[in-house]
Amino acid sequence: KRKIFSSIEDELLLKYDYSVRKLTKSQGRILIRLIDRETGSTSYDIIKDFRNIFSASFWQLTAKVFGHDLRAVYGQNKREDTFIEYIVKKIESERLSN
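Student: Quick question: what am I supposed to make of the overall build of the protein chain here?
Tutor: A tally of regular secondary structure across the protein chain gives five helices and zero strands. N-terminal to C-terminal, the α/β element order of the protein chain is α-α-α-α-α. For the protein chain, the C-alpha atoms occupy an extent of roughly 40 × 30 × 25 Å along the three principal directions. When each of the 98 residues of the protein chain is scored for burial, the buried share is 17%. Once local pairs closer than 6 in sequence are excluded, the contacts in the protein chain between residues at least 24 apart make up 59%. For the protein chain, the exposed surface amounts to about 8000 Å²; the carbon and sulfur share of it is 59%. Taken together, the 19 basic and 14 acidic charged side chains of the protein chain have centroids lying 3 Å from each other.

Student: Sorry, what's going on with a nonpolar patch on the surface here?
Tutor: Taken together, the side chains of Ile-4, Ile-8, Leu-12, Tyr-16, Val-20, Leu-23 and Leu-31 present a nonpolar region at the surface, about 600 Å² in accessible area. Take Ile-8: it is sitting in helix 1 (residues 2-21).

Student: Looking at this structure, I do not really get helix 4 (residues 53-65). What am I missing?
Tutor: Taking 1.5 Å per residue as the helical rise, helix 4 with its 13 residues ought to reach 18 Å, and the 18 Å between its terminal C-alpha atoms agrees with that figure. What helix 4 keeps buried is the set Ala-56, Gln-60 and Ala-63. When helix 4 is viewed along its axis, its buried side chains cluster within an angular range of 60° and face the same direction. For helix 4, the exposed residues lying more than 90 degrees away from the buried face are Phe-54, Leu-61 and Val-65. Looking at where helix 4 begins, the residue whose side-chain oxygen comes 3.0 Å from the main-chain nitrogen of Phe-54 is Asn-52.

Student: Please clarify how the side chain of Asp-81 should be interpreted in this entry.
Tutor: Of note, Asp-81 is situated in helix 5 (residues 78-97). Accessibility expressed as a relative area gives 4% for Asp-81, which makes it buried. For Asp-81, the side chain forms a polar contact with the side chain of Arg-33, separated by 2.5 Å. Ignoring sequence-local partners within four residues, the contact set of Asp-81 consists of Arg-33, Val-73, Tyr-74, Gly-75 and Gln-76.

Student: Would you explain the packing of aromatic side chains in this entry?
Tutor: When we look at a pair of aromatic rings, we describe it by the centre distance and by the angle of the planes. Overall, the coordinates contain two aromatic pairs when judged by the stated rule. Measuring from ring centre to ring centre gives 4.6 Å for Phe-5 and Phe-50, while their planes differ by 80°; the resulting arrangement is edge-to-face. Of the two residues, Phe-5 is situated in helix 1 and Phe-50 in helix 3 (residues 43-50); the sequence distance between them amounts to 45 residues. Look at Phe-50 and you get partly exposed, because its relative accessible area is 48%. On the basis of an interplanar angle of 75° and a centroid distance of 4.9 Å, the ring pair of Phe-58 and Trp-59 is categorised as edge-to-face. Take Phe-58: its relative accessible area is 47%, and that puts it in the partly exposed class.

Here is what the cut-offs are and how they apply
Residue numbers run consecutively from 1 along every chain, following the written order of its sequence. In view of the model being predicted, local features appear only for residues whose pLDDT reaches at least 70, and side-chain atom pairs are presented and counted only at 80 or more, with totals across whole chains, interfaces and linings using the full set of residues. Values shown for side chains rest on all heavy atoms present in the structure; no hydrogens or waters enter the calculation. Under the DSSP-based scheme used, a helix requires at least four consecutive residues in state H or I and a strand at least two consecutive residues in state E, with every element numbered from the N terminus. Accessibility here uses a 1.4 Å probe with only protein chains present; expressed as a share of the type maximum, an area under 20% marks a residue as buried, one over 50% as exposed, and anything in between as partly exposed. Note on contacts: a residue pair qualifies if any of its non-hydrogen atoms lie within 4.5 Å across the two residues. Using a 1.4 Å probe, accessible areas were evaluated by the Shrake-Rupley method; residue-level cover was limited to the displayed protein chains. Under the convention used here, Asp and Glu are negative, Lys and Arg are positive, and both His and the chain ends fall outside the count. Taken as the charge centre is NZ of Lys, CZ of Arg, CG of Asp or CD of Glu, depending on the residue. What makes a patch is a set of residues exposed beyond 30% relative accessible area and free of salt bridges, joined within 9 Å when like-charged and within 5 Å when nonpolar (Val, Leu, Ile, Met, Phe, Trp, Tyr). When a carboxyl oxygen of Asp or Glu lies within 4 Å of a side-chain nitrogen of Lys or Arg, that pair is called a salt bridge. Working rule for helices: expected span equals 1.5 Å times residues minus one. Within this analysis, the arc is defined by the directions that extend from the helix axis to the C-beta atoms. Throughout this description, a polar contact denotes any pair of N or O atoms lying within 3.5 Å of each other; where both atoms belong to protein, one of them has to be capable of donating a hydrogen while the other can accept it, and for residues adjacent in sequence the pair is counted only when both atoms sit in side chains. Aromatic pairs are defined between Phe, Tyr and Trp rings, using the six-membered ring for Trp, whenever the two ring centres lie within 6.5 Å; interplanar angles under 30 degrees are classed as stacked, those over 60 as edge-to-face, and all others as tilted.

Here is the structure:
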């Protein structure tokens with residue numbers, strides 16, 4: 001199990017590491033919201049499940065320093081999530097029409 005997760009993590013880091021590190025604060029916040037939207041789990045829970053509670057707590061503290069919350073649930077912030085949902089639906093409809 002550990003080898004499989006390490007392999008997946010290495011692939012993800014190779015593919016997305018640079019892009020994720022260059023996100024603005026707003027883009028990072030949206031990414032956190034989209035992860036919860038797509039998976040049904042908060043970013044905190046995902047980190048806790050794949051790593052451990054100490055890693056999840058460390059990243060939660062780091063996120064808090066930058067004004068984010070890894071425990072935020074999609075749909076909790078109606079204004080922000082409604083706007084994100086509108087954009088996602090618009091992108092999906094454009095993809096279908098092309």
